[in-house]
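So you can see what is in the structure, the chains are spelled out below.
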Amino acid sequence: MSEHDDSHHGAAASRARRSDRSDEHNRDLTERVARIESLLIQKGLVDKAALDKLVDIYEHDLGPMNGAKVIARAWVDPAYKRRLLENATAAIAELGFGGLQGEHMVVVENTPRVHNVVVCTLCSCYPWPVLGLPPTWYKDAAYRSRVVIDPRSILAEFGTTLEEDVEVRVWDSSAEIRYLVLPQRPENTEHLSEEQLAKLIDRESMIGVRKVRRS
Amino acid sequence: MSEPRRASPVIAEMTGACALPRQSGELVFDADWERRAFAIAVSLAEAGHFSWPEFQQQLIESLCEAEQRTPQNPSRDYYESWLVSLEALLRRKRLTVD
């Protein structure tokens, strides 16, 4: 549990960094792929529009940006926030995000007195449609057991220290219920638009291991 | 909500050497050809021209091959190995021959 970001995980880090290919090499690779693509299109094995759609799905639906939009809306729209806390599945669907397979979403709100953090102690249940792919540490046995026994020590590893009198609530996601944390809106962000607010919100804050900071 | 839009966990959650390069959960593509090569493989697998485990096996082999020089400094990067795998599988399945 020393690293909390996938991009720091050994080989993944070197693979995630921008490549240092030459322009010429890139052109060559581009041509190789274009050749395959046009041949497969000719043979009717792939479809250009379908490829575009796949790229769109994988590029945009794997990250936490849908969840960030939900949280930002809740921060700026009190009526939406009420609906979100009452029936998260429906409120999230209002923004066009869904695709859950029968699981219910429950949103838990952080306040000055209560801090919520989410885990799946059994496996790695995670609200895919709003948070994308779970981070590696979320699936670690260490996180899954320690966050239940001693949540404050886990939070401290993420750089989150809470006042003694703040109550920490740990929520165990399951096949039926997926939890999402509604983090506290940082101070002095009244001037920011909903879109700008969404950019501040990362997946760690929606799992509950970090607070949202004014960047 | 319109039609379901959902990435396949089998693909998105590959682990180990063949895990997709990601940053904060999102996929990282350095060039447009990488996107295209990614989508072609996923599309062919979805259509049943090969199974995902078949592609994954090929990808593991290509990545290992690339790492034989030194694991820290492989002879080609992740999506170059992806492309090599795709080409090899297309040949094997005779999908790009007339």
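Here's a quick rundown of the structure. (Residues numbered from 1 in each chain as written. Chains lettered and ligands numbered in written order. Predicted model: local features only at pLDDT ≥ 70, side-chain atom pairs only at ≥ 80, totals over all residues.)

Within chain A, the secondary structure is distributed over 12 helices and 4 strands. When burial is assessed residue by residue, chain A has 37% of its 215 residues classed as buried. Partitioning the intrachain contacts of chain A with sequence separation of at least 6 by distance along the chain shows that 71% fall at a separation of at least 24. (Helix = DSSP H or I, 4+ residues; strand = E, 2+ residues; numbered from the N terminus. Buried ≥ 20, exposed ≤ 12 C-beta atoms within 10 Å, placed from the backbone. Contact = placed C-beta atoms within 7 Å.)

A count of helices and strands for chain B gives 4 helices and 2 strands. When the helices and strands of chain B are read in sequence order from the N terminus, they spell out α-β-β-α-α-α. Residues classed as buried in chain B amount to 39% of the 98 residues present.

All names here are of chain A. Across the interface, helix 4 (residues 65-76) lies against helix 5 (residues 78-86) with an axial gap of 5 Å and an inter-helix angle of 125°. On the basis of the axis angle, helix 4 is oblique to helix 5. Crossing angle aside, the handedness with which helix 4 passes helix 5 is left-handed. On helix 5, the residues that touch V70, R73 and A74 of helix 4 are Y80, K81 and L84. A class-by-class count of the residues in the contact of helix 4 with helix 5 yields 4 nonpolar, no polar and 2 charged. (Axes fitted to C-alpha atoms, helices over the stretch in contact; angles between N-to-C directions. Parallel < 35°, antiparallel > 145°, perpendicular 65-115°, else oblique. Left-handed = near helix turned anticlockwise from the far one by under 90°. Nonpolar A, V, L, I, M, F, W, Y, C, P; charged D, E, K, R; others polar.)

Residues and elements named next belong to chain A. Positionally, K199 belongs in helix 11 (residues 194-200). Here K199 falls in the partly exposed class, since 13 other C-beta atoms lie within 10 Å of it. When the C-alpha positions of K199 and A72 are compared, they lie 8.8 Å apart, and in sequence the two are 127 residues distant.

This part covers helix 4 of chain A. Residues and elements named next belong to chain A. Spanning 12 residues, helix 4 covers 17 Å between terminal C-alpha atoms, matching the ideal 16 Å at 1.5 Å per step. For helix 4, the buried fraction is high: 10 of the 12 residues fall into the buried class. Those residues of helix 4 that fall on the buried side of the exposure criterion are M65, N66, G67, A68, K69, V70, I71, A72, A74 and W75. Elements that come into contact with the buried residues of helix 4 comprise helix 5, helix 6 (88-94), helix 7 (128-131), strand 4 (177-182), helix 11 and helix 12 (203-207). (Expected span 1.5 Å × (residues − 1).)

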